[in-house]
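Report on the structure
Below are the chains, spelled out letter by letter.
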Amino acid sequence: MTVPTAFPPPPGARAYPLRTARGEFAVVDSPVADGVVPRGVALLLPGFTGSKEDFHLLHEPLAARGYRTVAVDGRGQNESDGPALDEAPYAQEELARDILAQAAALGAPVHLAGHSLGGQIARAAVLLDHSPFASFTLVASGPAQISVAQRQRVRLLHDALALMTMPEVWEAILAMGPPEEVGGPARGFGEPASLRQRWVNHKPAQLLATGGQLLVEPDRVAELAAVPLPFHVLSGARDDTWPVPVLDDMAMDLGAHRTVVTGAEHSPNLDQPLPTAHALADFWDKARPDGDRGLPGGSRRRRG
């Protein structure tokens, strides 16, 4: 049943709290389009300061391709509850276990796709237990810590969060020019008022903890490469958070399918949603949930 929300879901989708063994999480759940043969279920995870609404423009084209898509607010993000001041529940492993619980609630196997920070938390979940997943797509999500320029801007945001209220920090974000992860009033799923409301809804402890993770995330690509799943690295043609050549190298090391979306930057799901949706569906169509990690349409690639 759809529940009241300040962020209405796109046509045909419903918003509700997904009940899991680790609590409830706000989701937007879009079913397969009428008359289309179901091909699978996908769990979509947003990035730092993002939310389930960042995937609004993907639901319809993916439904037309036969995929039920479930976009989720993680613990402490937007409409999902979490502690406001205690950072311990936002440790990466805790958030990763939330993802495993979400996948279990949807029924395995699901195609997992994480944007930016969401990709790194999803990677931690896959490394804990890959069995609930049919495939794993990293969307504009790199191998380790974010770029030097973005680290500087996230540190500024961290300092502001320690001293100001959430509404005060939002005004500072608009004044100073936000980190690429944060977006600004011209980016995101809605008008400036909606973006501000989403920001205010986030729990400060979640932002402090996950922002800190982006500053120090180690390179775990070798660990991930040992996992028997089909991998996909999707990004825009330009990215200031993880430069595109870094993402290219990661894809090679993973033996992953690689998609570069023309005309998109750090958020291809927002910048170019239709080609992004088609690239996801093309990969999922060929990703086999039987443990075969072969690249869709060809042999695996590895860097020598």
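Here's what I pulled together on the structure shown here. Source: prediction; values computed, not measured.

Before going further, it helps to spend a moment on the overall build of the protein chain. Within the protein chain one finds eleven helices and eight strands. By the burial criterion, 56% of the 304 residues in the protein chain qualify as buried. Within the protein chain, residue pairs in contact and separated by at least 24 positions form 75% of the contacts whose partners lie at least 6 positions apart. Counting every atom, the protein chain has about 12000 Å² of accessible surface; 56% of that belongs to carbon and sulfur.

On to empty space enclosed by the protein, then. In this approach the atoms are scanned with a rolling probe the size of a water molecule, which exposes any empty space left behind. Applying the stated criterion across every chain yields a total of three cavities of 30 Å³ or more. Considered as a void within the structure, the second largest cavity measures approximately 160 Å³ in volume. Together, 14 residues line the second largest cavity, and G74, R75, Q77, I99 and I121 are the ones closest to its centre. Residue assignment for the lining of the second largest cavity shows that the elements contributing at least two residues are α2 (92–106) and α3 (117–128).

Pairing in this open sheet of eight strands is mixed, and the strands run β1-β2-β4-β3-β5-β6-β7-β8 from one edge to the other. A single partner strand is all that each edge strand has here, and the edge strands are β1 (14–20) and β8 (257–261). Neighbour to neighbour, the strand axes of the sheet diverge by 25 degrees on average, direction disregarded. Bridge count for strand β6 (residues 133–139) against strand β7 (residues 231–236) is four bridges, and the pairing is parallel. Across the sheet, residue F136 finds its bridge partner in β7, namely F231. Relative to strand β4 (residues 67–72), helix α1 (residues 56–64) is tilted by about 165 degrees, and along the sheet it contacts β2 (23–30), β3 (40–45) and β4. α3 rests against β3, β5 (110–115) and β6 of the sheet, and its axis sits at about 140 degrees to β5.

What follows concerns the packing of helix α4 (residues 148–163) against helix α7 (residues 204–216). Closest axis-to-axis distance for the α4/α7 pair is 10 Å, and the angle between their directions is 155 degrees. With respect to each other, α4 and α7 are oriented roughly antiparallel. Two packed elements cross with a definite hand, and for α4 against α7 that hand is left-handed. Taken together, the residues of α7 that come into contact with α4 (itself represented by R151, V154, R155, H158 and L161) are L207, L208, G211 and L215. Partitioning the contact of α4 with α7 into residue classes produces five nonpolar, two polar and two charged.

Attention shifts here to unusual backbone geometry. The phi dihedral of S116 falls on the positive side, at around 55 degrees, and the residue is not glycine. With a phi angle near 50 degrees, A140 is a residue other than glycine that sits in the positive phi range. You can see A140 is positioned in the loop between β6 and α4.

What follows is about α1. All buried positions along α1 are accounted for by H56, L58, H59, P61, L62 and A63. Looking at the buried side of α1, the elements it contacts are β2, β3, β4, α10 (268–271) and α11 (273–286). A positive phi of about 100 degrees marks G66, the residue just after α1.

About the thresholds
- Residues numbered from 1 in each chain as written.
- Predicted model: local features only at pLDDT ≥ 70, side-chain atom pairs only at ≥ 80, totals over all residues.
- Heavy atoms only, no water.
- Helix = DSSP H or I, 4+ residues; strand = E, 2+ residues; numbered from the N terminus.
- Buried < 20%, exposed > 50% of the residue type's maximum accessible area, 1.4 Å probe, protein only.
- Contact = heavy atoms within 4.5 Å.
- Areas by Shrake-Rupley, 256 points an atom, 1.4 Å probe, with all protein chains shown as cover.
- 1 Å grid on protein atoms, 1.4 Å probe; cavity = no way out; pocket = protein on both sides within 12 Å on 5 of 7 lines; lining within 4 Å.
- Points joined across faces, edges and corners; volume = space filled by probe spheres on them.
- Pairing = 2+ DSSP bridges.
- Axes fitted to C-alpha atoms, helices over the stretch in contact; angles between N-to-C directions.
- Parallel < 35°, antiparallel > 145°, perpendicular 65-115°, else oblique.
- Left-handed = near helix turned anticlockwise from the far one by under 90°.
- Nonpolar A, V, L, I, M, F, W, Y, C, P; charged D, E, K, R; others polar.

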